[in-house]
Each structure stands twice: as C-alpha cells, then as structure tokens.
Amino acid sequence: MPGLLRGVARTAVVAGTATAVSNRVSRRQAGRWAQQEAPAQAYQEPAPAAAPPPPADDMTSKIDQLKQLGDLKNQGVLTEAEFEEQKRRILG
C-alpha cells in the first residue's frame, strides 16, 4: 500500500508541475503576441486626412465639401469633433 500511495503522489506532483509550466509558457507567449500586435494595430488605424481648403470663396464648392464631410461622418469615418473642426475650416 505505501508503494501505491507513493506512486500516486509522484504522479500528482509531476502532473501539477507540468500544468504550472504549461500555463506559464502560455501566458508568456500571449504577452509576446500582444506586444507584437500592438504596433501593427496602431499602424492600421491612421488618422483621417484633413480636407483641403476651398480654392476660392465659391459657395458651391463649400457646399459640396460639407456634403462629403457629412457622408464621412454618417459612415463613421469622422467623429463628431473631427466633423466640427473640418466644417469650421471650410466655413472659416
């Protein structure tokens, strides 16, 4: 009986150690992957370009630019703050 108990205890220790090592390796690898993905994600999300100022004070071109800005805002490309800033530049 003591031999059987010793064998079971040894198996439990080996299994517990293997599980702990496996979990640590998984966490370390996940951390490395997260660090590698962070710069790639930042690169994939560039800020939208500013709308060029109108060539002249032609009201038709200003209206067209405002319509384009409204479409970009409705599509979710521009935030409310970006939309307001660009609108102020056009009408400025």
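Quick note: structure is the one above.
The model shown is predicted, which means the values in this text are computed figures rather than measured ones.

A tally of helices and strands in the protein chain yields 3 helices and 0 strands. Along its sequence from the N terminus, the protein chain presents helices and strands in the succession α-α-α. Out of the 92 residues in the protein chain, the part that is buried amounts to 11%. When the accessible surface of the protein chain is split by element, carbon and sulfur atoms take 58% of a total near 7700 Å².

With that settled, the discussion passes to the packing of helix H2 (residues 59–75) against helix H3 (residues 80–91). Direction vectors running N to C along H2 and H3 enclose 175°, while the axes themselves pass 10 Å from each other. Taken together, the axes of H2 and H3 are roughly antiparallel relative to one another. Mapping the contact onto sequence places Lys62, Gln65, Leu66, Leu69, Gly70 and Lys73 in H2 and Glu80, Phe83, Gln86, Lys87, Ile90 and Leu91 in H3. Of the residues that constitute the contact of H2 with H3, the class distribution is 5 nonpolar, 3 polar and 4 charged.

Reading guide: rules and limits
- Residues numbered from 1 in each chain as written.
- Predicted model: local features only at pLDDT ≥ 70, side-chain atom pairs only at ≥ 80, totals over all residues.
- Heavy atoms only, no water.
- Helix = DSSP H or I, 4+ residues; strand = E, 2+ residues; numbered from the N terminus.
- Buried < 20%, exposed > 50% of the residue type's maximum accessible area, 1.4 Å probe, protein only.
- Areas by Shrake-Rupley, 256 points an atom, 1.4 Å probe, with all protein chains shown as cover.
- Axes fitted to C-alpha atoms, helices over the stretch in contact; angles between N-to-C directions.
- Parallel < 35°, antiparallel > 145°, perpendicular 65-115°, else oblique.
- Contact = heavy atoms within 4.5 Å.
- Nonpolar A, V, L, I, M, F, W, Y, C, P; charged D, E, K, R; others polar.

Just distances and angles here, no functional claims.
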